[in-house]
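# Breakdown of the fold
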Amino acid sequence: MKTVVTWIFAGGEIPYELIETYRKKNQADWVIAVDGGLAAMERLEICPTHIVGDFDTVDTRLLEQYQLEKQVVIRKFQPKKDFTDGQIAIELALELCSTKIVLFGATGRRLDHLLGNLDLLYMAEQNGACCEILDAYNRVQLLRSNQYYRIEQKTQFGSYISLLPFTDRVEGITLTGFQYPLTNYTMTRFLNPTLGISNEIVEESGTIWFSDGILICIESTDNKIA
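Quick caveat: nothing in here was measured; it's all calculated off a predicted structure. Numbers given to residues run from 1 along each chain, matching the order in which its sequence is written. In keeping with the predicted nature of the model, local features appear solely for residues at pLDDT of at least 70, side-chain atom pairs appear and are counted solely at 80 or more, and the whole-chain, interface and lining totals rest on all residues. Side-chain descriptors were evaluated using all non-hydrogen atoms of the structure, hydrogens and water having been removed beforehand.

Judged by pairing direction, the sheet is mixed, and its nine strands sit side by side in the order S4-S3-S2-S1-S5-S6-S7-S13-S9 without closing on themselves. The open sheet has two free edges, formed respectively by strand S4 (73-76) and strand S9 (160-165), since each of these has just one partner strand. Taken pair by pair, the neighbouring strands of this sheet meet at an average axis angle of 20°, ignoring direction. Should DSSP find at least two bridges between two strands, the strands are regarded as paired. Strands are runs of DSSP state E lasting at least 2 residues, helices are runs of H or I lasting at least 4, and numbering of each runs from the N terminus. Pairing of strand S1 (residues 5-9) with strand S5 (residues 100-104), which is carried by five bridges, proceeds in the parallel orientation. Looking at S5, one finds that Val 5 is bridged to Lys 100. Only C-alpha atoms enter the line fits that serve as axes; for helices the fit covers just the stretch in contact. Angles between N-to-C directions range over 0 to 180 degrees.

Attention shifts here to the pattern of salt bridges. In the sections that follow, a salt bridge refers to a side-chain nitrogen of Lys or Arg positioned within 4 Å of a carboxyl oxygen of Asp or Glu. If you walk through the whole model with that rule in mind, you get 12 salt bridges. The partner of Asp 29 in a salt bridge is Lys 2, with the nearest N and O atoms 3.5 Å apart. Here Asp 29 is found in the loop between helix H1 (16-25) and strand S2 (30-34), whereas its partner Lys 2 is found in the segment before S1, with 27 residues between them in sequence. The buried label goes to any residue with under 20% of its type's maximum accessible area, the exposed label to any with over 50%, and the partly exposed label to all in between, with areas taken from a 1.4 Å probe on protein chains only. Given a relative accessible area of 35%, Asp 29 falls into the partly exposed group. For Lys 2, a relative accessible area of 58% puts it in the exposed group. Here Arg 144 and Glu 125 are joined by a salt bridge, their closest N and O atoms 3.8 Å apart. With Arg 144 in strand S7 (residues 138-144) and Glu 125 in helix H5 (residues 111-126), this residue pair connects regions lying 19 residues apart in the sequence. Classification of Arg 144 as partly exposed rests on a relative accessible area of 23%. Assessed through its relative accessible area of 15%, Glu 125 is described here as buried. Through salt bridges with shared partners, a single network forms among Asp 54, Lys 81 and Asp 85.

Looking now at the packing of helix H4 (residues 85-95) against H5. Interaxial distance between H4 and H5 falls to 10 Å at its minimum, and their mutual angle equals 15°. It follows from the interaxial angle that H4 and H5 lie roughly parallel. The handedness of the crossing between H4 and H5 comes out as right-handed. Facing Gly 86, Gln 87, Ile 90, Glu 91 and Leu 94 of H4, the residues of H5 in contact are Leu 120, Met 123 and Ala 124. In this scheme, roughly parallel covers angles under 35 degrees and roughly antiparallel covers those over 145, while 65 to 115 is roughly perpendicular and the rest are oblique. What makes a crossing left-handed is the near helix being turned counterclockwise from the far one by less than a right angle; a clockwise turn instead makes it right-handed. Any two residues whose heavy atoms approach within 4.5 Å are treated as being in contact.

Next up on the list: the pairing of strand S3 (residues 50-53). The alternating pattern of S3 places His 50 and Val 52 and Ile 51 and Gly 53 on opposite faces, both of which are buried. Examined bridge by bridge, S2 and S3 share three bridges and lie parallel to one another. Opposite Ile 32, over in S3, you have His 50 as the bridge partner. Crossover connection from S2 via helix H2 (residues 37-44) to parallel S3: handedness right-handed. Pairing between S3 and S4: four bridges, direction parallel. Pairing of Val 52 across the sheet is with Arg 75, part of S4. Orient the strands so they point away from the viewer; a crossover is then right-handed if the path from the first strand over the helix to the second runs clockwise. The handedness of the S3 to S4 crossover, carried by helix H3 (residues 60-67), is right-handed.

As a further point, take the confidence of the model for the chain. Known as pLDDT, the predictor's per-residue confidence is scaled from 0 to 100. When the pLDDT values of the chain are averaged, the result is 92; 100% of them are 70 or greater. Averaged pLDDT values over the elements of the chain bottom out at 84 in H3 and peak at 98 in strand S12 (residues 205-209).

A cavity here means a set of 1 Å grid points, computed over protein atoms only, where a 1.4 Å probe fits but cannot escape. A pocket is an open set with protein on both sides within 12 Å along at least 5 of 7 lines, and lining residues have an atom within 4 Å of a point. Grid points are joined across faces, edges and corners, and a volume is the space filled by probe spheres set on the points. Approximately 600 Å³ is the volume attributed to the largest pocket. Of all the secondary-structure elements, those providing two or more residues to the lining of the largest pocket are H4 and H5. Tallying contributions element by element places H5 first for the lining of the largest pocket, with four residues. Gly is placed with the polar residues, together with every amino acid not listed as nonpolar (Ala, Val, Leu, Ile, Met, Phe, Trp, Tyr, Cys and Pro) or charged (Asp, Glu, Lys and Arg). Among the residues forming the lining of the largest pocket, the class breakdown is seven nonpolar, 11 polar and eight charged. Taken as a whole, the second largest pocket encloses approximately 460 Å³ of empty space. Residue lining of the second largest pocket: 19 residues in total, with Tyr 22, Lys 25, Thr 155, Gln 156 and Phe 157 positioned closest to the centre. When contributions to the lining of the second largest pocket are tallied by element, the ones reaching two or more residues are H1, strand S6 (130-134) and strand S8 (149-152). Looking at the lining of the second largest pocket, the element that brings in the most residues is H1, giving four residues.

Written out as structure tokens, the structure reads:
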């Protein structure tokens, strides 16, 4: 199956330096600007293939420029709706048969949007797409059971690996190559749910495996990644 990559630029904090480095090594088939994220794309000189949102935070003059570009698809929604602009973008990415989705600008001051965006990762995963959130300090993704996940120390996003239960229970967690290994451990959201925070890889790579449930995996650093 061909990998179809979509980048989504939402209206949160945009890691400009990170994106400049990231785009040198990675390419996208589709690029979706979400409302205010269009200004960030303009600054980065990245042309969107799609623009979506209720456009309550986008510069009207900037939007009008893209309305003249026939190759750019624009979908406008009413501000009063039962879903976020981010959800609109994820649904569009799935409509475009994306198999990998990268969310920029999905973190920032609004914790409600951040929590909602974590659920959007799940929406994407449920529809067969691998999805991750990237900002200047974190890489966030969901891990599924009965799969081996290997993170190389040399190429990991940040110094810390944190694992949090997304489902109520995550069973059979086994970690190798970590400072704090685990063997067949069950983690729950209501009993010691922070056990998996701030682990570190101490060998060439760290391996994660578990038998049931879904984990939130956050690779993070205290220092801004360019």
